[in-house]
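Examining the three-dimensional arrangement
This is what each chain is made of:
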Amino acid sequence: MTSDICERMKKGERRAIAKAITLLESTLEADKRKSLELLEQFGKTKVKSLRIGVCGSPGVGKSSFIDVLGTSFIESGHQVAVLAVDPTSPISGGSILGDKTRMDQLANAPQAYIRPSPGGGVGGGVTVNTQEVIQALEFAGFDFVILETIGIGQSETEVATLVDTLLFLHQPESGDDLQAIKKGIIEVSDLFVVTKADGMLKTAAEFAAQQLRSVVNDPHQKIDRVFCISSTEKTGFQAVHDNLVGLLANQTAIKSKRTQQEKSLLLTRIANDFRSKLINDPTMKPLFKKYEDKLSKTSIRQTSEEFLKAIIKP
Ligand SMILES: Nc1nc2c(ncn2[C@@H]2O[C@H](COP(=O)(O)OP(=O)(O)O)[C@@H](O)[C@H]2O)c(=O)[nH]1
Ligand SMILES: [Mg+2]
């Protein structure tokens, strides 16, 4: 049954890809078994891919940027998948990508797959599930997998554990002046893109790019990590495109980074699985009740410690 799905996925059949994603996100026992079979198949298949994260404030131009960039990848013979992720929210709403994708070009390309609704996150572990969805897409032949962050705030660091390269999008004169950008975002981002470098904003965009360069470029290296683009005029994309195609070619570097990421994802997975096992285990119910009743006399912290002592053998 899963081998049939795999065969159809390899042919790029959209319905099989959607089916696999549904299985991976399901919490039903029967589906879990099938998911494990799928993941085993994915693990056996060597893929060449680049996972790109795109983050930045709402309205900065992420979807528009992905539309133009993704189309340029397709034009150079690649296959592109786009996912919206919000790792900070356990239940991500599908509407943000669904209502107005702003990815009209990509949405109509047969070489592209835009995931209609972002992950359920049922039972926790949105990030871990997302990693599996990415694997499914890679197995189905997509060599560029782009994650659009729809969360606001801490999500960038979470997305950084899922992608090979993280792009931070910045809008000129957005009030998000450079000092206001959180240090954490600059630290986890690899490339920086100033958006909307057109019309009245063009000069401001070029100025913002110069400012960013002085902050993020290493003065001892000749590498420029800052790009200035316009999605409406489709300018400035060649440099971004070439940079990312260059990264795709270096699979050795990608593999070693992913090995590190997998270690941290494993820890997250174990913690999540442990939590849901604990909560859903019927034999735990009387034990929970016993400790809940203690709350009138002891603090939550104390009760929790005693509970853990009771269930974990030293
Ligand atoms: N002038 C200009 N506007 C843009 C550009 N890219 C996006 N926009 C506009 O900015 C708004 C937000 O774009 P969107 O791609 O949905 O941003 P997201 O929320 O970051 O995904 C929309 O009104 C777009 O039309 C650009 O390159 N130039
Ligand atoms: Mg968007």
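Quick note: structure is the one above.
My aim in this report is to walk through the structure given alongside it, one point at a time.

1. A word on the coordination of the magnesium ion (ligand 2)
Ligation of the magnesium ion (ligand 2) by protein atoms is provided by Ser63 (OG) and Glu148 (OE), these donors lying 2.1 to 2.2 Å from the ion. With Ser63 in helix H4 (residues 62–75) and Glu148 in strand S4 (residues 144–149), the pair connects residues that are 85 residues apart, well separated along the chain. Judged on exposure class, the residue Ser63 and its partner Glu148 are both buried.

2. A short note on helix H11 (residues 237–249)
Residue pairs three or four apart in sequence face the same way in an α-helix, which turns once every 3.6 residues. The end-to-end C-alpha separation of H11 is 18 Å, in line with the 18 Å expected for 13 residues at 1.5 Å each. Buried within H11 we find Phe237, Val240, His241, Leu244 and Leu248. Relative to the axis of H11, the buried residues are bounded by an arc of 100° and lie together on one face. Exposed residues lying more than 90 degrees from the buried face of H11 are Gln238 and Ala249.

3. Regarding the pairing of strand S2 (residues 80–85)
Judged by how many residues are buried, S2 sits mostly within the fold: six of six residues are covered. On S2, burial covers both faces: Val80, Val82 and Ala84 on one face and Ala81, Leu83 and Val85 on the other are all buried. Relative to strand S3 (residues 112–114), S2 runs parallel, the two being bridged by three bridges. Paired with Val80 across the strands is Ala112, a residue of S3.

4. As for the environment of Ser189
Within the fold, Ser189 resides in the loop between helix H9 (183–188) and strand S6 (191–194). Between the C-alpha atom of Ser189 and that of Leu167, which follows or precedes it by 22 residues, the distance is 5.8 Å. With residues near it in sequence (within four places) discarded, Ser189 still touches Cys55, Leu166, Phe168 and Arg225.

5. Re the site of ligand 1
Close to ligand 1 lie 15 residues, the nearest being Lys62, Ser64, Arg102, Asp198 and Ser231. A distance of 3.1 Å separates an oxygen atom of ligand 1 from a polar side-chain atom of Glu148. Within the side chain of Lys196, one N or O atom sits 2.9 Å away from an oxygen atom of ligand 1. Within the complex, the protein chains bury 72% of what would otherwise be the 580 Å² of accessible surface of ligand 1. Ranked by the residues each element gives to the shell around ligand 1, the list is headed by H4, at three residues.

6. Some words on the packing of aromatic side chains
Taken as a whole, this structure holds seven aromatic pairs when the rule is applied. Judged by centre distance (4.9 Å) and plane angle (40°), the rings of Phe42 and Phe139 are tilted. Linking Phe42 in helix H3 (residues 29–44) with Phe139 in helix H7 (residues 126–139), this pair joins segments that are 97 residues apart in sequence. Aromatic rings pair up to connect Phe288, Tyr291 and Phe307 into one cluster.

7. Structural notes on the pairing of S6
Side chains Leu191 and Val193 of S6 all project onto a buried face; the interleaved residues Phe192 and Val194 project onto the opposite face, where all are buried too. With four bridges joining them, strand S5 (residues 165–170) and S6 adopt parallel strand pairing. When the bridges of S6 are listed, Phe168 appears paired with Phe192. Pairing geometry for S6 and strand S7 (residues 226–228), over three bridges, is parallel. From the neighbouring strand, Val193 faces S7, where its bridge partner is Phe227. Tracing the backbone out of S6, into helix H10 (residues 202–216) and back to the parallel element S7 gives a crossover that is right-handed.

8. Section: a nonpolar patch on the surface
A cluster of nonpolar residues, Phe274, Leu308 and Ile312, forms a patch on the protein surface that exposes about 280 Å² of accessible area. One can find Leu308 in helix H14 (residues 300–311). The class of Leu308 is partly exposed, set by a relative accessible area of 38%.

9. Quick look at the side chain of Ser230
Within the fold, Ser230 resides in the loop between S7 and H11. Of the polar contacts made by the side chain of Ser230, one reaches the side chain of Thr232; its length is 3.3 Å. Polar contacts involving the side chain of Ser230 include one to the main-chain amide nitrogen of Glu233, which spans 3.0 Å. The residues contacting Ser230, other than those within four sequence positions of it, are Lys196, Ala197, Asp198, Thr235 and Phe237.

10. Let's talk about the nonpolar core
The biggest cluster of nonpolar side chains holds 46 residues, and the ones touching the most others in it are Met9, Ile17, Phe42, Leu137 and Leu147. When neighbours within four sequence positions are excluded, Leu137 is seen to be in contact with Ile17, Ile21, Ala81, Leu83, Tyr113, Phe142 and Val145. Grouped together as the second largest cluster of nonpolar side chains are 30 residues, Val60, Phe73, Phe144 and Leu191 included.

11. Observations regarding helix H12 (residues 251–280)
Its 30 residues give H12 an end-to-end C-alpha distance of 41 Å, which sits within 8% of 44 Å, the value for a rise of 1.5 Å per residue. Listed in full, the buried residues belonging to H12 are Gln251, Ile254, Arg258, Gln261, Leu265, Asn272 and Leu278.

Calculation criteria
Residues numbered from 1 in each chain as written. Chains lettered and ligands numbered in written order. Predicted model: local features only at pLDDT ≥ 70, side-chain atom pairs only at ≥ 80, totals over all residues. Heavy atoms only, no water. Donors = N, O, S within 2.8 Å, 3.2 Å for Na, K, Ca; no water. Helix = DSSP H or I, 4+ residues; strand = E, 2+ residues; numbered from the N terminus. Buried < 20%, exposed > 50% of the residue type's maximum accessible area, 1.4 Å probe, protein only. Expected span 1.5 Å × (residues − 1). Arc of directions from axis to C-beta. Pairing = 2+ DSSP bridges. Contact = heavy atoms within 4.5 Å. Near = heavy atom within 4 Å. Polar contact = N/O pair within 3.5 Å; in protein donor to acceptor, adjacent residues only side chain to side chain. Areas by Shrake-Rupley, 256 points an atom, 1.4 Å probe, with all protein chains shown as cover. Phe/Tyr/Trp six-rings, centres within 6.5 Å; stacked < 30°, edge-to-face > 60°. Right-handed = clockwise from strand over helix to strand, strands pointing away. Patch = residues over 30% accessible without salt bridge, like charges linked within 9 Å, V, L, I, M, F, W, Y side chains within 5 Å. Salt bridge = Lys/Arg side-chain N within 4 Å of Asp/Glu carboxyl O. Core = buried A, V, L, I, M, F, W, Y, C linked by side-chain atoms within 4.5 Å.

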